[in-house]
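# Reading the structure
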Amino acid sequence: MQKKIFDSHLHSKNSHDGRDSVDAICREAIRKGLSGIAVTDHCDIDAGRASCLAVLTALKPDIYEARQRYGERLHISLGIELGEIHHDNALAGEVSGDPDVDFVIGSLHCLRNARDFYYLDYDRIDMDALIDRYYDELLEMASVGDFDVVAHINYQVRYMSENARRRVDFSSHFDRLEPVLKKLAERGKGIEINTSSGSRDGEIVPSADVFRMFRASGGEVVAIGSDAHTAPRVGHRMTEAMAILRDAGFTRYAFFERRKPIFFGL
């Protein structure tokens, strides 16, 4: 296995919070020497069918054009980040079942009847209870969703760290996380190491302890994503993420084409 760098979590201007074109993302990936990318624009299930399908409709021609222009220098996967799959599994399945989709990220940005973790006032919330609810919904998603990897487990740590007056010890809730990791391993699904570079440097999530738990649970599939929302952030902190995975006992990571993992050495 050759050591190559693949960034499997990127957002173009087809995402509501993305800035740059697929073309600009590809040019930056080539400039930085990446071997491949997956453009995984947001499809938030709670936003409804029309919104989700509109993202795919906009992304497809951009990907096809990029493949024609850069395909000899860069592997380009058409991905989608499906948010809150379990809130409407039928709609999520319609999106993930599109034959043109190479890679599906399952993500959990908000709980049922709640706002995105980004917007919560953590000084007014029982954060321990919130984390337990998060893991409960994550288990539900892990059990029923059609996806390839779960993105940024412990996503909310970014905002808890910045906005709360105290830091939550996620490890004290690992008894709720362990069933999630076991279910993912049982289903042959993976988890992502996310370098948290949407617009600024944040914590890489999840921690190495989570990857050790996943491996102990039988998990084999891990992917690496910068979560970049601008072209200059493409490929950010990839080597750092690789080192964390190696420290957790993994020797390879996955890049997806046609919903199948291709493995590369760490």
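Attention here is on the structure that accompanies the text. Just so you know, these numbers come straight off a predicted model, no measurement behind them. (Residues numbered from 1 in each chain as written. Predicted model: local features only at pLDDT ≥ 70, side-chain atom pairs only at ≥ 80, totals over all residues. Heavy atoms only, no water.)

### Things to note about helix α2 (residues 49-70)
With 22 residues, α2 should cover 32 Å at 1.5 Å per step; its first-to-last C-alpha distance of 31 Å lies within 8% of that length. Those residues of α2 that sit buried are C52, V55, L56, L59, K60, I63, A66 and Y70. On its buried side, α2 packs onto α1 (22-31), β2 (36-44), β3 (75-83) and α3 (89-96). (Helix = DSSP H or I, 4+ residues; strand = E, 2+ residues; numbered from the N terminus. Expected span 1.5 Å × (residues − 1). Buried < 20%, exposed > 50% of the residue type's maximum accessible area, 1.4 Å probe, protein only. Contact = heavy atoms within 4.5 Å.)

### Some thoughts on helix α8 (residues 238-247)
Residues of α8 that are buried include every one of M238, A241, M242 and L245, and no others. Viewed end-on, α8 has its buried residues packed into an arc of 100°, placing them on one side of the element. Seen from the buried face of α8, the exposed residues on the opposite side, beyond 90 degrees, are T239 and D247. Where α8 is buried, its residues contact β1 (6-10), β6 (190-194), α7 (208-216), β7 (222-225) and β8 (252-257). (Arc of directions from axis to C-beta.)

### Section: the pattern of salt bridges
Counting across every chain of the model gives 21 salt bridges. The salt bridge involving E65 is made with R69; its shortest N-O contact spans 3.1 Å. With a gap of 4 residues between them, E65 and R69 both fall in helix α2, about one helical turn apart. Where R112 meets E140, a salt bridge forms, and the shortest distance between an N and an O atom there is 2.8 Å. (Salt bridge = Lys/Arg side-chain N within 4 Å of Asp/Glu carboxyl O.)

### Topic: the nonpolar core
Membership of the largest hydrophobic core comes to 87 residues, with the highest contact counts inside it found for I37, I80, L82, L138, I191 and I224. In terms of residue count, the dominant contributor to this core is helix α4 (residues 127-144) (8 residues). When residues no more than four places from it in sequence are discounted, the contact partners of L138 are L108, V150, I153 and V180. (Core = buried A, V, L, I, M, F, W, Y, C linked by side-chain atoms within 4.5 Å.)

### A few points about the pairing of β6
The element β6 is largely enclosed, with a buried count of 5 among its 5 residues. Across 2 bridges, the pairing between strand β5 (residues 149-150) and β6 is parallel. Along β6, the bridge assignment pairs V150 with I191. Bridge count between β6 and β7: 4 bridges; the pairing is parallel. When the bridges of β7 are listed, N194 appears paired with G225. (Pairing = 2+ DSSP bridges.)

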